[in-house]
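Here's the letter readout for the chains.
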Amino acid sequence: MSADVSHARSRPKIYWLLGVILVAVGCIGGTKLYKSWEQHRIGEFEQLCRTADQKRDWESLIKTAEEWSQWRPISADPWLFLAEGYLQTGRTEKALHALDQIPRHDPKAIPALTKKAEIEFDLLNRPLASEQTCLELLQLEPRLTVVRSRLIFFYALSLQRVKLIEQIRASIEYGSEPPDAYVYLFLCDHLYFTNGSQLNSKWLRSSPRSEVLLTAAAVQFDEIIQRLENQTEATATTRRESQEKLNRYLEQFSRNSALLRYFLHRYAEESKVDDVARILAMVPPEAGNDSVFWRFRGWYQAAVDDLEGAEEAYRRSLELTKIDWRTWQGLAEVLRLKGNLQEAERCQKIALTGKRLRQDLLQLPTARDITDAQLHRISEYADACGDSQLSEHLQRRLQQRGYGG
């Protein structure tokens, strides 16, 4: 009797265990069925999108991709198809939004954001927005040459000298620099582009209050007027109006580096020592890593016969940018006045080499037209300036390109 009771009591435990096993088996089977159904539905969405894309049926593509993206918002593909549909139908803002939805951990985020930066820069003329997209891209992958190239071009044309140098040096460090980066690096002692004012004016349409674009456009327009061979009464009036605008900007944007460099260059050329001192006093502390300001401090100290201060300032400038031929020129003059003729001659030789190389590079149709032979000359010049890191890296890049000069 006792045995029968024990057996009866054990039955609920057996039933409970069987129930757990059946539930577990059901869950596993259900999960497999769901995954199978999920993959089937993804395949259907993808096939419908591809068919619509091939037929150029953009509205069907958008409709299907929207449904897919709502069902699977963490997937990259529906957003990519959706962006394509929007682009093809002229709905650019929606395309940008779609590209921005792709999860950053997805490998397809890099080509998607690259496309987004391209649209912002080339199609919409929004370089400031494109800049932010490019910087985000470089956080994901720092070796993107096309992204580095876009930033280098923008910083050069918008006269953002320190950002330009930082971007070029970073691209060199990661081995992702485009060849024209070396042209911009060499010419950044005094940035000037014949199309600079035009481009910045075009970019201003999307950011009309941008200090960077306003000042870059104004500075480069004034330089164009200055360089006109046939000066007439009309151009004289235009030049006067241009300088009045720059003076207003200096009051409005008194800490703008591009403006301060412009006025320093102008007043130094006109030998206006007091005005150079006035502008130098306006240079903000955060601009301390711009070697050009140290170069003009050297010019000013030499102008007031403080040769020790001038040499110190010029050498500080060279610590920041070793390949600035104008700084080597200024240092040579100071050393000559101090009686250090041998060192002055060495500095003068470097300056002359750099000046000739700059003149040669300015003849290029575009920075991208630089030749391997010219890159080799930059490498040799950098070595003479003591920038062994730049010289050696450039030599390695030339060897990779098969240059045997």
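The sections below set out a description of the structure shown in this document. (Residues numbered from 1 in each chain as written. Predicted model: local features only at pLDDT ≥ 70, side-chain atom pairs only at ≥ 80, totals over all residues. Heavy atoms only, no water.)

### Details of helix α17 (residues 325-337)
In an α-helix there are 3.6 residues to a turn, and that puts residues three or four apart on one side. Relative to the 18 Å expected for 13 residues at 1.5 Å per residue, α17 spans 19 Å between its end C-alpha atoms, a close match to the ideal helical length. Among the residues of α17, those classed as buried are W325, T327, W328, G330, L331, A332, V334 and L335. Buried-residue contacts for α17 involve α15 (291-303), α16 (307-320), α18 (341-361) and α19 (372-385). Its side-chain oxygen at 3.0 Å from the backbone nitrogen of R326, D324 defines the N-terminal cap of α17. (Helix = DSSP H or I, 4+ residues; strand = E, 2+ residues; numbered from the N terminus. Expected span 1.5 Å × (residues − 1). Buried < 20%, exposed > 50% of the residue type's maximum accessible area, 1.4 Å probe, protein only. Contact = heavy atoms within 4.5 Å. Polar contact = N/O pair within 3.5 Å; in protein donor to acceptor, adjacent residues only side chain to side chain.)

### What about the pattern of salt bridges?
Opposite charge on two side chains lets them pair, provided their charged atoms get close. For the structure on display, the rule yields 32 salt bridges. Measuring nitrogen to oxygen at the nearest pair gives 3.3 Å for the salt bridge that ties D222 to R239. Taken as a pair, D222 in helix α11 (residues 211-227) and R239 in helix α12 (residues 233-252) lie far apart in primary sequence, 17 residues in all. Several salt bridges share partner residues, and in doing so they unite E308, E311, R315 and K338 into one network. (Salt bridge = Lys/Arg side-chain N within 4 Å of Asp/Glu carboxyl O.)

### Re the packing of helix α8 (residues 161-173) against helix α9 (residues 180-187)
Packing of α8 against α9 leaves a shortest axis separation of 10 Å and a crossing angle of 140°. In terms of crossing hand, the pair formed by α8 and α9 is left-handed. Here α8 contributes L164, I165, I168, R169 and I172 to the contact with α9, which in turn contributes A181, Y182, Y184 and L185. When the residues that make up the contact of α8 with α9 are grouped by side-chain class, the tally is 8 nonpolar, no polar and 1 charged. (Axes fitted to C-alpha atoms, helices over the stretch in contact; angles between N-to-C directions. Left-handed = near helix turned anticlockwise from the far one by under 90°. Nonpolar A, V, L, I, M, F, W, Y, C, P; charged D, E, K, R; others polar.)

### Observations concerning the side chain of E343
As for its position among the elements, E343 is in helix α18. One polar contact links E343 to R346, side chain to side chain, over a distance of 2.8 Å. With sequence-adjacent residues up to four places away left out, E343 is seen in contact with R315 and L335.

### Describing the nonpolar core
Counting residues in each nonpolar core, the largest one holds 85 residues, and the members touching the most others are L164, W328 and Y381. Top element by residues in this core is helix α13 (residues 257-269). It accounts for 8 residues. Once residues lying within four places of it in the same chain are set aside, the contact partners of Y381 are F186, I323, D324, W325, W328, I350, T353, G354 and L357. A83, Y86, L96 and L99 belong to the second-largest nonpolar core, a separate cluster that totals 23 residues. (Core = buried A, V, L, I, M, F, W, Y, C linked by side-chain atoms within 4.5 Å.)

### Details of the side chain of Q243
Positionally, Q243 belongs in helix α12. Take Q243: its relative accessible area is 15%, and that puts it in the buried class. Not counting residues within four places of it along the chain, the set of residues in contact with Q243 comprises D222, Y262 and R266.

### Comments concerning the packing of aromatic side chains
The tally for this structure, following the rule as stated, stands at 13 aromatic pairs. Three or more aromatic residues joined by ring pairs make a cluster, and in this case those are F121, F153, F154, Y155 and W203. One residue, R72, lies across the ring of W71, its end atom 5.9 Å from the ring centre. When the ring centre of W294 is taken as reference, the NZ or CZ atom of R297 above it lies at 4.6 Å. (Phe/Tyr/Trp six-rings, centres within 6.5 Å; stacked < 30°, edge-to-face > 60°. Lys NZ or Arg CZ within 6 Å of the ring centre and 35° of its normal.)

### What to know about the environment of N195
Along the polypeptide, N195 turns up in the loop between α9 and α10 (196-204). N195 sits in the partly exposed class, given a relative accessible area of 33%. Sequence separation between N195 and G404 is 209 residues; the distance between their C-alpha atoms is 34 Å.

### Some thoughts on the environment of E345
The topology assignment puts E345 in helix α18. You can call E345 exposed: its relative accessible area is 59%. As for E345 and A95, which are separated by 250 residues in sequence, their C-alpha atoms are 60 Å apart.

### Notes on unusual backbone geometry
If a residue is not glycine, its phi is most likely negative; likewise, a peptide bond is most likely trans. Positive phi values are uncommon outside glycine, yet S271 reaches one of about 55°. We note that D305 has phi near 65°; this positive angle belongs to a residue other than glycine. Along the chain, D305 turns up in the loop between α15 and α16. Exposure remark for D305: the relative accessible area of 66% places this residue in the exposed category.

### Section: the packing of α19 against helix α20 (residues 388-400)
Close contact between α19 and α20 brings their axes to 8 Å; oriented N to C, the two are set at 155°. Put simply, α19 runs roughly antiparallel to α20. Where α19 crosses over α20, the handedness of that crossing is left-handed. Mapping the contact onto sequence places D372, L375, H376, I378, S379, A382 and D383 in α19 and L390, S391, L394, Q395 and L398 in α20. (Parallel < 35°, antiparallel > 145°, perpendicular 65-115°, else oblique.)

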